[in-house]
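# Observations on chain architecture
The chain contents come next:
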Amino acid sequence: MTTNLREVQIGNTCKVVKLHGEGAVKRRIMDMGITKGTEVYVRKVAPLGDPIEVTVRGYELSIRKADAETVEVEI
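What comes next is a walk through the structure.

The next thing to look at is the overall build of the protein. Counting secondary structure elements, the protein contains two helices and six strands. The order of α-helices and β-strands along the protein, N terminus first, is β-β-α-β-β-β-α-β. Against the 2.2 N^0.38 benchmark of 11 Å for 75 residues, the protein shows a C-alpha radius of gyration of 11 Å, consistent with a compact globule. Projected onto its principal axes, the C-alpha positions of the protein cover 30 × 25 × 25 Å. For the protein, the residues scored as buried account for 35% of the 75 residues in total. If you take every contact in the protein between residues at least 6 apart in sequence, the share linking residues at least 24 apart comes to 57%. Entry remark: accessible area of the protein is about 4500 Å², with carbon and sulfur atoms responsible for 49%. Distance between charge centroids for the protein: 3 Å, based on 12 positive and 11 negative side chains.

Quick look at the pairing of strand β5 (residues 59-63) now. The sheet contact formed by strand β4 (residues 52-56) and β5 spans five bridges and is antiparallel. Among the inter-strand pairings, V54 is bridged to a residue of β5, identified as L61. The turn joining β4 and β5, which pair antiparallel and follow one another in sequence, is formed by two residues; a positive phi near 50 degrees is taken by R57.

So, on to the nonpolar core. Core analysis: the biggest nonpolar cluster contains 18 residues, and L5, V16, I34, V40, V54, V71 and V73 have the highest contact counts within it. When neighbours within four sequence positions are excluded, V71 is seen to be in contact with T3, N4, L5, V16, K18, L19, I29 and I34.

Right, let's get into unusual backbone geometry. A positive phi is found at R57, a non-glycine position, where the angle reads about 50 degrees. Among the secondary structure elements, R57 is positioned in the loop between β4 and β5. A residue is classified by how much of its surface remains accessible, and R57, at 54% relative accessible area, is exposed.

Quick look at the sheet that holds strand β1 (residues 2-4) now. Pairing between the strands of a sheet is mediated by backbone hydrogen bonds and can be parallel or antiparallel. In space, the six strands of this open sheet follow the order β1-β6-β2-β3-β4-β5, with antiparallel pairing throughout. Of all the strands in the sheet, the pair left with one neighbour each is β1 and β5. Between one strand axis and the next, the sheet turns through 45 degrees on average, direction left out of account. Inspection of the sheet shows β1 paired to strand β6 (residues 71-74) by three bridges, in the antiparallel sense. Counted as the bridge partner of N4 is E72 from β6.

Conventions we followed
- Residues numbered from 1 in each chain as written.
- Predicted model: local features only at pLDDT ≥ 70, side-chain atom pairs only at ≥ 80, totals over all residues.
- Heavy atoms only, no water.
- Helix = DSSP H or I, 4+ residues; strand = E, 2+ residues; numbered from the N terminus.
- Rg over C-alpha atoms; globule rule 2.2 N^0.38 Å.
- Buried < 20%, exposed > 50% of the residue type's maximum accessible area, 1.4 Å probe, protein only.
- Contact = heavy atoms within 4.5 Å.
- Areas by Shrake-Rupley, 256 points an atom, 1.4 Å probe, with all protein chains shown as cover.
- Lys, Arg positive; Asp, Glu negative; His and termini not counted.
- Charge placed at Lys NZ, Arg CZ, Asp CG, Glu CD.
- Pairing = 2+ DSSP bridges.
- Core = buried A, V, L, I, M, F, W, Y, C linked by side-chain atoms within 4.5 Å.
- Axes fitted to C-alpha atoms, helices over the stretch in contact; angles between N-to-C directions.

Given below as structure tokens:
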């Protein structure tokens, strides 16, 4: 089942399938270590839903909701 990173529930691990988005936004997400085939663990979500805290490649990362929507994942 594929969805976007924003929809993944807290405490779940998912695998990146594809990055949508263009140019600088896509490059920034890739520079953060979120690339195709990478496993992402959703640690927590801020009280108002933005940002989302995830663990990628062994380090913690905060990503905005808008950016998380561009990351297609498989649960």
